Amino acid sequence: MNDNIKKAKRHVNQNEGLIFEKSSPGKRAFELPPLDVPKAEPSNALGAHHRREGVEGFPEVSEIEVIRHFTRLSTWNHAIDLGMYPLGSCTMKYNPRVNEFVARLEGIATEHPYQPQELSQGCLKILRLLEKCLLEITGMDAITLQPAAGAQGELTGLLLIRAYLQKQGNPRKRVLIPDSAHGTNPATAVIAGYEVENIKSNEHGQMDIENLQKLVTEDVAALMITNPSTLGIYEQNLPEIAQILHAKGALLYMDGANMNALAGITRPGDLGADVMHLNLHKTFSTPHGGGGPGAGPVAMKKVLERFRPVPILVEKEGGRLALEPVRPDSIGRVKAFSSNFGVLVRALAYILAYGPGVRQATEDAVLNANYIRRHLEGVYDLPYSLPSMHEVVFSDALQKKNGVNTMDIAKRLIDYGFHPYTTAFPLIVPGALMIEPTESESREECDLFIGAMKAIADEAARQPEIVKTAPHTTRVRRLDEVGAARKPVLRWKPAAQRSTAQTSGARD
Ligand SMILES: *Cc1c(COP(=O)(O)O)cnc(C)c1O
């Protein structure tokens, strides 16, 4: 094992408790001097019964205890600002500070969706410019910026397809979805009222065209295809697939969450896709994770435009912009107000900072993934051999022989200072290791990652126990993930009130 590549650092040795446990009665963040004027009675306007005197069980701590508590907690987690975050499919790229700077500009940060539209022209211009950029990048005709996530974009897209088919008299019954699609796709199709038909990929991870030809009948509404697929592989037959669908009156939905592998190089609209969503919080570098805000704009061809969700951003005479609330054929509203505006501002800042260089970001992302692939091929099993796009999917087949699985390897990576890759997804690769470095990483950082992965493969061969019992350098060891899902403890209670089920799993 090469010691140079070890990145694991000793953590600050503290096991931070819950803030409730630090509480002691009467502690305050600050205290004012005693009153030297008469105490005002509870305001008459408010009424005494509206005033809360206290909150039961509310922690009472000093200011420095609050600050230290949350600062310490913040050091427990991994972040892209600390190091590489190769979580495949999630695209954890660096969020440039210029995005944050722009989003915090006073005129932007203090806008309110209820203010008159004459006073919001600047914000509406931001939306308009972002629409134009995304239409240029996708090669589509129309767009809605409203959906708040990729999955909500999928639902919006399928509702557009449904409305379009309904208008022709029959919404149809089935949606076809390849086994290399993202897991949200089948869920979306079902919520939109369709039956899902799963299609097996061929041995190269590509759509089997002959099989597709047989499956597309007059009761198929659409095919939902993730491109690049969750194998990180480019679907090579998109134009042919679109033709087969269009011949039977069905539409092609492209899951474009992985557009960071295509942006600036090819355009789904030119390849025959009728509708697609983008994940701005992946491809265009806005912060995500932990349920934070996102944005999943849906771009579409002309035939779907009239069904777009309201309100619609329109250009009036003299270049004035307005959000129009009523359109007769619209599928309705999908989001309060008009969008997650703050996310859209950040995405536009990222795009404009790159300009035509968006292509460079794509090329660097693909280069990084292939660099890692070349160095780890043979060390880890590579189940699909077509060129990788923005991510590479290995399997744990070689390490399994010594009883080491993808989760063990992922946990061991934490000891080397990296966030784990995505484990056990996509489902068509048993024991998958899904690695996405993004364009953010330098060659030096990729080399450190490769070194760590090689060292772990070596450990798996010689001392598998080390890997199977990892992580070793974290403040808490391996968590009971099944227990956390089956018996979640969502609310703190004083020890005396806890049931035994809660005490056993509450803090480990
Ligand atoms: C992340 C992702 C989604 C879902 O996006 P959310 O914003 O998490 O809802 C859908 N499809 C693909 C391919 C993805 O990678």
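On a predicted model such as this, the values are computed, not experimentally measured, just so you know. (Residues numbered from 1 in each chain as written. Predicted model: local features only at pLDDT ≥ 70, side-chain atom pairs only at ≥ 80, totals over all residues. Heavy atoms only, no water.)

Quick notes on the packing of helix 13 (residues 358-376) against helix 16 (residues 443-462)
Next, step 1: In the contact formed by helix 13 and helix 16, the axes pass within 10 Å of each other and the chain directions differ by 30°. By the angle between their axes, helix 13 is roughly parallel relative to helix 16. Two packed elements cross with a definite hand, and for helix 13 against helix 16 that hand is right-handed. From helix 13, Asn 368, Tyr 371, Ile 372, His 375 and Leu 376 reach across to helix 16, where they touch Arg 443, Cys 446, Asp 447, Phe 449, Ile 450, Met 453 and Lys 454.
Next, step 2: In the contact of helix 13 with helix 16, the residues fall into seven nonpolar, two polar and three charged. (Axes fitted to C-alpha atoms, helices over the stretch in contact; angles between N-to-C directions. Helix = DSSP H or I, 4+ residues; strand = E, 2+ residues; numbered from the N terminus. Parallel < 35°, antiparallel > 145°, perpendicular 65-115°, else oblique. Left-handed = near helix turned anticlockwise from the far one by under 90°. Contact = heavy atoms within 4.5 Å. Nonpolar A, V, L, I, M, F, W, Y, C, P; charged D, E, K, R; others polar.)

Looking at the sheet that holds strand 12 (residues 432-435)
Next, step 1: One open sheet accounts for three strands, arranged 10-12-11; its pairing is antiparallel. A strand with exactly one partner marks an edge of an open sheet, and here the two such strands are strand 10 (392-395) and strand 11 (422-423). (Pairing = 2+ DSSP bridges.)

Here's the deal with the nonpolar core
Next, step 1: Leu 134, Leu 212, Leu 223, Ile 241, Leu 252 and Leu 280 are the most contacted members of the largest nonpolar core, which has 57 residues in total.
Next, step 2: Of the residues forming this core, the biggest block, nine residues, is contributed by helix 5 (residues 121-138).
Next, step 3: Setting aside residues up to four positions removed in sequence, Ile 241 forms contacts with Met 207, Ile 209, Leu 212, Leu 223, Ile 225, Glu 235 and Leu 252.
Next, step 4: With 27 residues, the next largest nonpolar core counts Leu 376, Tyr 416, Ile 450 and Ile 456 among its residues. (Core = buried A, V, L, I, M, F, W, Y, C linked by side-chain atoms within 4.5 Å. Buried < 20%, exposed > 50% of the residue type's maximum accessible area, 1.4 Å probe, protein only.)

Overview of unusual backbone geometry
With glycine set apart, most residues show a phi of negative sign, and most peptide bonds adopt trans.
Next, step 1: The linkage connecting Val 310 with the following residue, Pro 311, adopts the cis geometry, with an omega of 0°.
Next, step 2: Residue position: Pro 311 is located in the loop between strand 7 (298-300) and strand 8 (312-315).
Next, step 3: The linkage connecting Ala 470 with the following residue, Pro 471, adopts the cis geometry, with an omega of 0°.
Next, step 4: Relative to the helices and strands, Pro 471 resides in the loop between helix 17 (464-468) and helix 18 (481-486).
Next, step 5: Of note in the backbone geometry, Ser 89 takes a positive phi value of approximately 80° without being a glycine.
Next, step 6: Structurally, the position occupied by Ser 89 is in the loop between helix 2 (63-74) and helix 3 (97-103).
Next, step 7: Here Ser 89 falls in the buried class, since its relative accessible area comes to 6%.
Next, step 8: Even without being glycine, Ser 285 reaches a positive phi, approximately 55°.
Next, step 9: Tracing the backbone shows Ser 285 in the loop between helix 11 (280-283) and strand 7.
Next, step 10: You can call Ser 285 buried: its relative accessible area is 0%.

Considerations on the sheet that holds strand 3 (residues 195-199)
Next, step 1: Spatial strand order, 1-7-6-5-4-2-3: seven strands in an open sheet with mixed pairing. The two strands at the open ends of the sheet, each matched to only one other strand, are strand 1 (142-144) and strand 3. Neighbouring strand axes in the sheet, compared pairwise and without regard to direction, differ in orientation by 20° on average.
Next, step 2: By the bridge criterion, five bridges tie strand 2 (residues 174-178) to strand 3 in an arrangement that is parallel.

Considerations on the pattern of salt bridges
Next, step 1: All chains considered together, the criterion is met by 32 salt bridges.
Next, step 2: Its salt-bridge partner being Glu 100, residue Arg 346 comes within 2.9 Å of it at the nearest N-O pair. Residue Arg 346 is located in helix 12 (residues 341-354), and its partner Glu 100 is located in helix 3; the two are separated by 246 residues in the primary sequence.
Next, step 3: We classify Arg 346 as buried; its relative accessible area is 17%.
Next, step 4: You can call Glu 100 buried: its relative accessible area is 16%.
Next, step 5: Close ionic contact of Asp 458 with Arg 462 constitutes a salt bridge, the shortest N to O distance being 3.1 Å. (Salt bridge = Lys/Arg side-chain N within 4 Å of Asp/Glu carboxyl O.)

Considerations on the site of the ligand
Next, step 1: In the vicinity of the ligand, 14 residues are found, and the nearest of them are Gly 150, Ala 151, Asp 255, His 281 and Lys 282.
Next, step 2: At a separation of 2.6 Å, a nitrogen atom of the ligand approaches a polar side-chain atom of Asp 255.
Next, step 3: Note that an oxygen atom of the ligand is positioned 2.7 Å from one of the side-chain N or O atoms of His 281.
Next, step 4: The fraction of the free accessible surface of the ligand (380 Å²) that becomes covered by protein chains is 84%.
Next, step 5: Those elements that provide at least two residues to the shell around the ligand are helix 6 (150-167) and helix 11.
Next, step 6: The element best represented in the shell around the ligand is helix 6, accounting for three residues. (Near = heavy atom within 4 Å. Polar contact = N/O pair within 3.5 Å; in protein donor to acceptor, adjacent residues only side chain to side chain. Areas by Shrake-Rupley, 256 points an atom, 1.4 Å probe, with all protein chains shown as cover.)

Points about a nonpolar patch on the surface
Next, step 1: A cluster of nonpolar side chains, namely Val 66, Phe 70, Leu 73, Trp 76, Val 476 and Leu 479, defines an oily patch on the protein surface of about 470 Å² accessible area.
Next, step 2: The residue Val 476 is located in the loop between helix 17 and helix 18 in this model. (Patch = residues over 30% accessible without salt bridge, like charges linked within 9 Å, V, L, I, M, F, W, Y side chains within 5 Å.)

Considering empty space enclosed by the protein
Next, step 1: Enumeration over the complete set of coordinates arrives at four cavities of 30 Å³ or more.
Next, step 2: Reported here for the largest cavity is a volume of approximately 130 Å³.
Next, step 3: Lining the largest cavity are 15 residues, with Glu 131, Leu 145, Gln 146, Pro 311 and Leu 313 positioned closest to its centre.
Next, step 4: At the level of secondary structure, the elements contributing two or more residues to the lining of the largest cavity comprise helix 5, strand 1 and strand 8. (1 Å grid on protein atoms, 1.4 Å probe; cavity = no way out; pocket = protein on both sides within 12 Å on 5 of 7 lines; lining within 4 Å. Points joined across faces, edges and corners; volume = space filled by probe spheres on them.)

Here we look at the packing of helix 15 (residues 406-415) against helix 16
Next, step 1: Running from N to C, helix 15 and helix 16 cross one another at 125°; their axes reach a closest spacing of 10 Å. Classed by the angle they form, the pair helix 15 and helix 16 counts as oblique. Between helix 15 and helix 16 lies a crossing of right-handed hand. Between helix 15, through Ile 409, Arg 412 and Leu 413, and helix 16, the contact on the second element is made entirely by Phe 449, Ala 452, Met 453, Ile 456 and Glu 459.
Next, step 2: For the contact of helix 15 with helix 16, the per-class residue count stands at six nonpolar, no polar and two charged.

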